[in-house]
Amino acid sequence: MRASDLLKTTPAGLYCAAGDFHIDPLRPVKRALITHGHSDHARAGHEHVLATRETLAIMAARCGADFAGSTQPATYGERIGIDGLTVSFHPAGHVLGSAQIRLEAKGLRVVISGDYKRARDPTCTPFELVPCDVFISEATFGLPVFRHPDAAHEIARLIDSCRLFPERAHLVGAYSLGKAQRIMALLREAGWHKPIYIHGTMEKLTRLYEREGIDLGEIVRVTGPERPRLGGEIIICPPSALQELWSRRFPEPVPAFASGWMRVRARARQRGVELPLVISDHADWDELCETILATGCSELWVTHGEEDALVHWATSQGFAARPLRLIGYGEEEVEPSEPAHPSDQADAAFI
């Protein structure tokens, strides 16, 4: 059997005809296998969803308890039979509950990576290398320029800035699922024992992480009246909030943004970021290349991101490689911001 006999691309996403299921489908389908809870991979409306227990909990928190007709939790490493295929979920190290999906059929082993990272993250199960014949890899940071520094170093820069400017509030733009909680945990490891303040849209998922046993210390939702008094504090918010009225009532705010894209200085300037923090929840160029080699695969398919560059590298290494050209998966999920506080509305009227 060839991988092309097992999987094909469709308008709804990657489809396995033998098992009659899609992986991370872009529109409602009969049966969906979901790698993780980010909104560009986990959508509501499917008849049946198979995913890790944590991913199902995240989908319920984001989309409502009735996000699918029925659900089935998968445990890491559990072998599940689907119409003659064997399916298993393995840690991807991306966010809580994230998984790579392995398909086995007639001696062929295919691994779909989903989004993954190899760097340490205290808030989720570490990445597991899964040997395979065909590896389907993301390529979000699939260019040699993207080499992520140690996240602990970036956290130290944030803390140093707080100490240097104790009169200024430090607003850290971070995505509400995974990135925000990782920053909280890394701050605690670095010795930041003060309360960490969060934007209202981050509370639901942060509390979910805490219920899953992730110790994040004292986390406080920001209220309107206290914002002017938060000099020297760290406030984590959606990246979009850095540009909104919500951010203006903090004392001399320092706009920071935690993302692998902050390696590109032009992106930081475009966003008006004063303190770029290169902290990514995706594999960088070296990790992508090392992972592909370590799987022992002979064939590589590349999904969203810098597909052509990674395919070119893989071909030069002797792999049979091709891009999938899947459309609909974002660089990062887009997070909504909470409604403006009444005091912000008054500011807007005055301006």
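Residues numbered from 1 in each chain as written. Predicted model: local features only at pLDDT ≥ 70, side-chain atom pairs only at ≥ 80, totals over all residues. Heavy atoms only, no water.

### Some thoughts on helix α4 (residues 179–189)
Every α-helical turn comprises 3.6 residues, leaving residues that sit three or four positions apart pointing alike. Summarising burial for α4: 10 of the 11 residues are buried, a large majority. Turning to α4, its buried residues number three or more, namely K179, A180, Q181, R182, I183, M184, A185, L186, L187 and R188. One or two positions beyond α4, positive phi appears at G191, with a value near 95°. (Buried < 20%, exposed > 50% of the residue type's maximum accessible area, 1.4 Å probe, protein only. Helix = DSSP H or I, 4+ residues; strand = E, 2+ residues; numbered from the N terminus.)

### Notes on the domain arrangement of the protein chain
In many analyses, interface size is given as the accessible surface area lost on bringing the parts together. When cut into domains, the protein chain gives domain 1 (3–145 + 281–329) and domain 2 (151–279). Computed from C-alpha atoms alone, the centre-to-centre distance between domain 1 and domain 2 is 29 Å. With 20 residues of domain 1 at the contact, the number on the domain 2 side is 19 residues. Roughly 1,700 Å² is buried in total at the junction of domain 1 and domain 2, and carbon and sulfur atoms are behind 62% of that figure. On the domain 1 side of the contact with domain 2, L96, T123 and D281 bury the most area, a combined 31% of that side's loss. Counting the contacts that link domain 1 with domain 2 gives 3 salt bridges. With its nearest N and O atoms 3.0 Å apart, the salt bridge here joins R182 to D281. At the boundary of domain 1 with domain 2, the tally comes to 8 residue pairs in polar contact (both at pLDDT 80 or more). Of the residues belonging to the side of domain 1 that touches domain 2, the class tally is 9 nonpolar, 4 polar and 7 charged. (Domains from an automatic or database assignment. Contact = heavy atoms within 4.5 Å. Buried area = accessible area lost by both parts, 1.4 Å probe. Salt bridge = Lys/Arg side-chain N within 4 Å of Asp/Glu carboxyl O. Polar contact = N/O pair within 3.5 Å; in protein donor to acceptor, adjacent residues only side chain to side chain. Nonpolar A, V, L, I, M, F, W, Y, C, P; charged D, E, K, R; others polar.)

### Overview of helix α2 (residues 53–63)
Three or more residues of α2 are buried, namely E54, T55, L56, I58, M59 and A61. Where α2 is buried, its residues meet β5 (46–52), β6 (68–74) and α5 (203–211). Directly after α2, the chain includes G64, whose backbone phi takes a positive value near 100°.

### Brief notes about the sheet that holds strand β14 (residues 219–221)
A sheet is described by the order of its strands in space; here 6 strands give the open sequence β14-β13-β15-β12-β16-β17, paired in parallel fashion. Both outer strands of the open sheet, β14 and β17 (275–277), are each paired with one neighbouring strand and no more. Averaged over all adjacent pairs, the angle separating strand axes in this sheet is 25°, with direction ignored. As defined by bridge partners, strand β12 (residues 170–173) adjoins strand β15 (residues 234–237) across 4 bridges and the pair is classed as parallel. (Pairing = 2+ DSSP bridges. Axes fitted to C-alpha atoms, helices over the stretch in contact; angles between N-to-C directions.)

### Looking at the pattern of salt bridges
Under the defined criterion, the tally for this structure stands at 21 salt bridges. Residue D5 pairs with R2 through a salt bridge whose shortest N-O separation is 3.3 Å. Look at D5 and you get partly exposed, because its relative accessible area is 44%. In the salt-bridge network here, residues are joined through shared partners; they are K117, D121, R182 and D281.

### Overview of the sheet that holds strand β2 (residues 13–16)
Pairing within the open sheet is mixed, and its 6 strands lie in the order β1-β2-β3-β4-β5-β6. At either end of the open sheet lies a strand with only one pairing partner, and these are β1 (8–10) and β6. Averaged over all adjacent pairs, the angle separating strand axes in this sheet is 30°, with direction ignored. Pairing analysis gives 3 bridges linking strand β4 (residues 31–33) to β5, with the strands arranged parallel. Among the inter-strand pairings, A32 is bridged to a residue of β5, identified as V49.

### Things to note about the layout of surface pockets
Of the pockets and cavities examined, the second largest pocket occupies roughly 190 Å³. Contributing to the lining of the second largest pocket are 16 residues, with A119, P149, D150, A151 and R182 lying nearest its centre. Contributing elements (two or more residues each) for the lining of the second largest pocket: α3 (151–164) and α4. Residues from two domains meet in the lining of the second largest pocket; each of domain 1 (3–145 + 281–329) and domain 2 (151–279) gives at least three. (1 Å grid on protein atoms, 1.4 Å probe; cavity = no way out; pocket = protein on both sides within 12 Å on 5 of 7 lines; lining within 4 Å. Points joined across faces, edges and corners; volume = space filled by probe spheres on them.)

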